[in-house]
Structures are given as C-alpha cells and as structure tokens.
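Below are the chains, spelled out letter by letter.
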Amino acid sequence: MHMRGQAERRFAVRITHQKNYQFSSQASEGDRLHGKPYLSDEPDPVGDAAGPSTPALLGSALGHCLSAALLEALRHSHIDVVGCETEAVAVVKPNAEGNPRIDRVEVTIRPRVMERNPRMKRCEDVFENYCTVTSSVKKGVDVQVKVDWDVETESKKPDMAAR
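Residues numbered from 1 in each chain as written. Predicted model: local features only at pLDDT ≥ 70, side-chain atom pairs only at ≥ 80, totals over all residues. Heavy atoms only, no water.

Visitor: Got a minute to help me understand the overall build of the protein in this structure?
Guide: For the protein, the helix and strand inventory stands at 4 helices and 7 strands. Tracing the protein from N to C terminus, the helices and strands come up as β-β-β-α-β-β-α-α-β-β-α. Taking 15 Å as the expected radius of gyration for a compact globule of 163 residues, we find that the protein reaches 19 Å, considerably beyond that expectation. When the backbone C-alpha atoms are referred to their principal axes, the protein occupies close to 60 × 45 × 30 Å. (Helix = DSSP H or I, 4+ residues; strand = E, 2+ residues; numbered from the N terminus. Rg over C-alpha atoms; globule rule 2.2 N^0.38 Å.)

Visitor: What's the story with the environment of Ala56 in this structure? I'm lost.
Guide: Assignment of secondary structure puts Ala56 in helix α1 (residues 54–76). Exposure remark for Ala56: the relative accessible area of 40% places this residue in the partly exposed category. (Buried < 20%, exposed > 50% of the residue type's maximum accessible area, 1.4 Å probe, protein only.)

Visitor: What am I meant to see in unusual backbone geometry here?
Guide: It is generally the case that most residues other than glycine have a negative phi and that most peptide bonds are trans. That bond from Asp44 to Pro45 is cis: its omega, 10°, falls within 30 degrees of zero. By the secondary structure assignment, Pro45 is in the loop between β3 (32–40) and α1. Even without being a glycine, Asn20 presents a positive backbone phi close to 45°. Note on placement: Asn20 falls in the loop between β1 (11–19) and β2 (22–29). For Asn20, a relative accessible area of 53% gives the class exposed.

Visitor: Is there a simple way to think about the nonpolar core in this case?
Guide: Side chains of nonpolar character tend, in soluble globular proteins, to be buried together. Leu70, Phe127 and Trp149 are the most contacted members of the largest nonpolar core, which totals 22 residues. Mapped by element, the contributors of at least two residues to this core are α1, β5 (100–113), α2 (119–126) and β6 (142–147). Looking at this core, the element that brings in the most residues is α1, giving 7 residues. Contacts of Trp149, omitting those with residues within four sequence positions, involve Leu70, Leu74, Pro111, Val113, Met120 and Glu124. (Core = buried A, V, L, I, M, F, W, Y, C linked by side-chain atoms within 4.5 Å. Contact = heavy atoms within 4.5 Å.)

Visitor: How should the pairing of β1 be read in this particular structure?
Guide: Regular strands place their side chains on alternate faces of the sheet. Here 8 bridges tie β1 to β2, and the two strands are oriented antiparallel to one another. Each residue of the ladder has a partner; that of Ile15, found in β2, is Ser25. What sits between β1 and β2 in their antiparallel hairpin is a turn of 2 residues, with Asn20 showing a positive phi close to 45°. (Pairing = 2+ DSSP bridges.)

Visitor: Quick question: what am I supposed to make of the pairing of strand β4 (residues 81–94) here?
Guide: In this structure, β4 lies alongside β5, joined through 13 bridges in antiparallel fashion. Paired with Pro94 across the two strands is Pro100, which belongs to β5. In this structure, the hairpin formed by β4 and β5 is closed by a connection of 5 residues, where Gly98 is found at a positive phi of approximately 90°.

Visitor: Which parts of the structure should I look at to understand a nonpolar patch on the surface?
Guide: Taken together, the side chains of Val13, Ile15 and Tyr38 present a nonpolar region at the surface, about 270 Å² in accessible area. Relative to the helices and strands, Tyr38 resides in strand β3. (Patch = residues over 30% accessible without salt bridge, like charges linked within 9 Å, V, L, I, M, F, W, Y side chains within 5 Å. Areas by Shrake-Rupley, 256 points an atom, 1.4 Å probe, with all protein chains shown as cover. Salt bridge = Lys/Arg side-chain N within 4 Å of Asp/Glu carboxyl O.)

Visitor: Even after reading the chapter, I still don't get the sheet that holds β1, so can you show me in this structure?
Guide: Working definition: the strands of a sheet are paired by backbone hydrogen bonds and lie parallel or antiparallel to each other. Within the open sheet, the 3 strands sit side by side as β1-β2-β3. Their pairing is antiparallel. Strands with a single pairing partner mark the edges of an open sheet, and in this sheet they are β1 and β3. Each strand of the sheet is rotated relative to its neighbour by a mean of 15°, with strand direction disregarded. As paired elements, β2 and β3 share 6 bridges and run antiparallel to each other. Within β3, the position partnered with Phe23 by the bridge is Ser40. (Axes fitted to C-alpha atoms, helices over the stretch in contact; angles between N-to-C directions.)

In short, the description is geometric, and any link to function would need to be established separately.
Structure, rendered in structure tokens:
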C-alpha cells in the first residue's frame, strides 16, 4: 500500500445491521466509496451463512494483501504473471476458556508464470514485508504463508513416468 505522501490514511467501513446476524458493510476512504456494499453473516447454527463470516473476511483481507504484495514484487522484478489464485483458511479453535478464537490463518498463493526466473526466489523471500495487513495481524494471530508456483513451461513438459 502506498501512503501517497500522507502521514496516515483512514480506511473506514460503515456496518449496518440488516436482520438476525446479517450486516451490510460499505468501505470507504474519506468521501470516496470503495466498491459496493457487501453482506456478512455468522455461520450456522447462529446465523444463516448468507454472506462471509468474520473469520472468512479476515482470511480474505490477509489473502488479498499478501497476493497484491507478491504481485507487486514480481512486477518490480519484471516477471510476467499470467494468473494468480489464493486460498486463505481461517482455522477457529476453542481457547483455554472454551471460547472460539482464530488459531491461525493458512494462506496459499498460486501465481502462474510463463517460465522460471531466478528473481522469483527473491520476490518470495521479501514480499511479506510489504503486506500491511499481515505484518499487523501477525502480532496476534499465526499467519502461515506458502507460495506454490505454477510455471507454464514446466507443466507442459512430458511426464517421463508415463512412458
């Protein structure tokens, strides 16, 4: 994230109760709305799972920020990415008092590149430092990050074991 020469940036979400445990949220920065409103809900048995749960939203924020940081590192290294998929799983477990807490978030990023490049390793080694959300959340939640490269030229090679 770029600070744009500002001392601070304030990202807000206005959260409005809809019904039961469902909320509509609208993100913004100052007077500028960010995207459309989105629905969130609690999973069963409390809610209806009509939208993402709060642990899923945390996983989404971590996965998005990590993916954007990796893509930015690859772009600066002049490595062309032809696609990228990320999976973020928030694992909830009871704490010592029996209350459900986020134990960890497992994030797997699968960037697809046309060919292997020696600069990929350097990008993988440094990109987490540029993820604003992960660098902040890691102070309280275990965030496990894995990069699973999909290199097009390697996936097109014939399988020697099949012969």
